[in-house]
Protein chains: 2
Amino acid sequence: MFEFMSDLDSLIEEKTGLSLKEAMSIDEVNLYTRLGEETFWNLSKCFYSKVYSDEEEKWFKNIFKNKPMDEAIQNQVEFFMQRMGGPAYYSRRKGHPALIGRHMNFNMAEKAAERWLYHMRNALEEVKEIDEDSKIRMMKYFTHTAYFLSYGVSMKKN
Amino acid sequence: MFEFMSDLDSLIEEKTGLSLKEAMSIDEVNLYTRLGEETFWNLSKCFYSKVYSDEEEKWFKNIFKNKPMDEAIQNQVEFFMQRMGGPAYYSRRKGHPALIGRHMNFNMAEKAAERWLYHMRNALEEVKEIDEDSKIRMMKYFTHTAYFLSYGVSMKKN
């Protein structure tokens, strides 16, 4: 039997150098309580303002061309707050996060994961309210997740 | 552009008569705190003992034939506790729930969703520690989720 998920975990660990335990270290603290809603909103606004004005890699911003920026921000920030210890904002409005399912119609090439992480790393640096420990935990989680989606979607499509 | 997720929501609502708000009413209370870990374990043990001994519909128990029952129970109970207000037990051990992604290699026909719900409804009745209000919330969530997976997986495969 094809062990899809354990193969995927090994692949991500090999690529990122992060164990699942490290990737999920966001769960060892409550980042929602620690950072507060305003900080989460600032992060997603900062991230998407970079994405939607990415003139260097236009193919990347084109992934989002049918999605108004305020919707992209709301979806992301509600998911982040829910996943990092806050109320179930995302599920109340949208249902199951179903990360692989919801990303199957988009360009999830490895270079898209890398560009996503490039903008997120810069956004985390710019939002000064985010302390160093939180930044490290979030970046590990985001790195794992970006490759989880890139590899997961491509394995499911083939 | 194909609006996969909003089409899926309408389809599920039409089939089940449940709005997304009703389906996600598990989030209006903390069921993990209310019911406690032992009750969640009892529910998943009761559910899978029914599934693994389903002699009436052998095709259904065959879906699980490569999975030891204790693993199936642990995966389910950790996901339920995490999703219903408890610690992130599932993600610490397995990562993203990614419900559609993780169900793509299984038989997710509509009659499989129905058989899953049949056993879960009976298990909820048998575990006497679960009060009526919790039972209703959980059954709505499970009903939504069973069709979400059945329709979601088949839309992604096509």
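Above this note sits the structure.
The rules behind each value
- Residues numbered from 1 in each chain as written.
- Chains lettered and ligands numbered in written order.
- Predicted model: local features only at pLDDT ≥ 70, side-chain atom pairs only at ≥ 80, totals over all residues.
- Heavy atoms only, no water.
- Contact = heavy atoms within 4.5 Å.
- Buried area = accessible area lost by both parts, 1.4 Å probe.
- Salt bridge = Lys/Arg side-chain N within 4 Å of Asp/Glu carboxyl O.
- Polar contact = N/O pair within 3.5 Å; in protein donor to acceptor, adjacent residues only side chain to side chain.
- Helix = DSSP H or I, 4+ residues; strand = E, 2+ residues; numbered from the N terminus.
- Nonpolar A, V, L, I, M, F, W, Y, C, P; charged D, E, K, R; others polar.
- Phe/Tyr/Trp six-rings, centres within 6.5 Å; stacked < 30°, edge-to-face > 60°.
- Buried < 20%, exposed > 50% of the residue type's maximum accessible area, 1.4 Å probe, protein only.
- Lys NZ or Arg CZ within 6 Å of the ring centre and 35° of its normal.
- Expected span 1.5 Å × (residues − 1).
- Least-squares fit on C-alpha atoms with pLDDT ≥ 70 in both.

(A) Up close: the interface of chain A and chain B. The interface is formed by 31 residues belonging to chain A together with 31 residues belonging to chain B. Where chain A abuts chain B, roughly 2500 Å² becomes buried across the two surfaces, and 65% of that area is made up of carbon and sulfur atoms. Applying the counting rule to chain A against chain B returns 0 salt bridges. On inspection of chain A and its partner chain B, the count reaches 4 residue pairs in polar contact (both at pLDDT 80 or more). Contributions of two or more residues to the side of chain A that touches chain B are made by α1 (4-16), α6 (69-83), α7 (89-94), α8 (99-103) and α10 (132-157) of chain A. When grouped by side-chain class, the residues that make up the side of chain A that touches chain B number 14 nonpolar, 9 polar and 8 charged.

(B) Representation of the packing of aromatic side chains within the structure. Enumeration over the complete set of coordinates arrives at 26 aromatic pairs over all chains. Relative to B:F64, the ring of B:F60 has its centre 5.6 Å away and its plane inclined at 70 degrees; by these criteria the two rings are edge-to-face. The buried category is assigned to B:F60, whose relative accessible area is 2%. B:F64 gets classed as buried once you look at its relative accessible area, which sits at 15%. Members of the aromatic cluster, each reached through a chain of ring pairs, are A:F47, A:Y48, A:Y52, A:W59, A:F60, A:F64, A:F79, A:F80, A:Y90, A:W116, A:Y141 and A:F142. Between B:K111 and the ring centre of B:W59, over which it is positioned, the NZ or CZ distance is 4.3 Å.

(C) Molecular detail of helix α4 (residues 37-52) of chain A. Taking 1.5 Å of rise per residue, 16 residues should cover 22 Å, and α4(A) covers 22 Å from first to last C-alpha, within 8% of that figure. Turning to α4(A), its buried residues are A:T39, A:F40, A:L43, A:S44, A:C46, A:F47, A:Y48, A:K50 and A:V51.

(D) Molecular detail of unusual backbone geometry. Positive phi, close to 40 degrees, is recorded for A:A98, a residue that is not glycine. As for its placement among the helices and strands, A:A98 is situated in the loop between α7 and α8.

(E) Region of the structure containing the relation of the copies chain A and chain B. Of the two same-sequence chains, chain A is brought onto chain B (RMSD 0.0 Å, axial shift 0.0 Å) by a rotation of 180 degrees. Here the copies are linked by what is in effect a two-fold axis. Residues of chain A ranked by C-alpha distance from the rotation axis are headed by A:A98, positioned 2.3 Å from it. Both copies present the same face, since 100% of the interface residues in chain A are matched by interface residues at the equivalent positions in chain B.

(F) Just helix α6 (residues 69-83) of chain B, in detail. All names here are of chain B. Between its first and last C-alpha atoms α6 spans 21 Å; for 15 residues at 1.5 Å apiece the expected length is 21 Å, and the two agree. The buried fraction of α6 is high, at 11 of 15 residues. Those residues of α6 that fall on the buried side of the exposure criterion are A72, I73, N75, Q76, V77, E78, F79, F80, M81, Q82 and R83. G85 sits one or two positions beyond α6 and adopts a positive phi of about 105 degrees.

(G) Quick peek at the pattern of salt bridges. Evaluation of the coordinates by the stated rule reveals 32 salt bridges over all chains. Of the charged contacts in the structure, one is a salt bridge between B:D54 and B:R115, with a shortest N-O distance of 2.8 Å. On the criterion of sequence distance, the pair formed by B:D54 in the loop between α4 (37-52) and α5 (58-62) and B:R115 in helix α9 (residues 110-126) is long-range, its members being 61 residues apart. Comparing B:D54 with B:R115 shows no difference in burial state: the two are buried. A salt bridge links B:R137 to B:D133, with the nearest nitrogen and oxygen atoms 2.9 Å apart. With B:R137 and B:D133 both in helix α10 (residues 132-157) and 4 residues apart, this pair spans about one turn of that helix. A relative accessible area of 14% means that B:R137 is categorised as buried. Shared partners join several salt bridges into a network, and the residues in it are A:K21, A:E28, A:R34, A:D131, A:D133 and A:R137.

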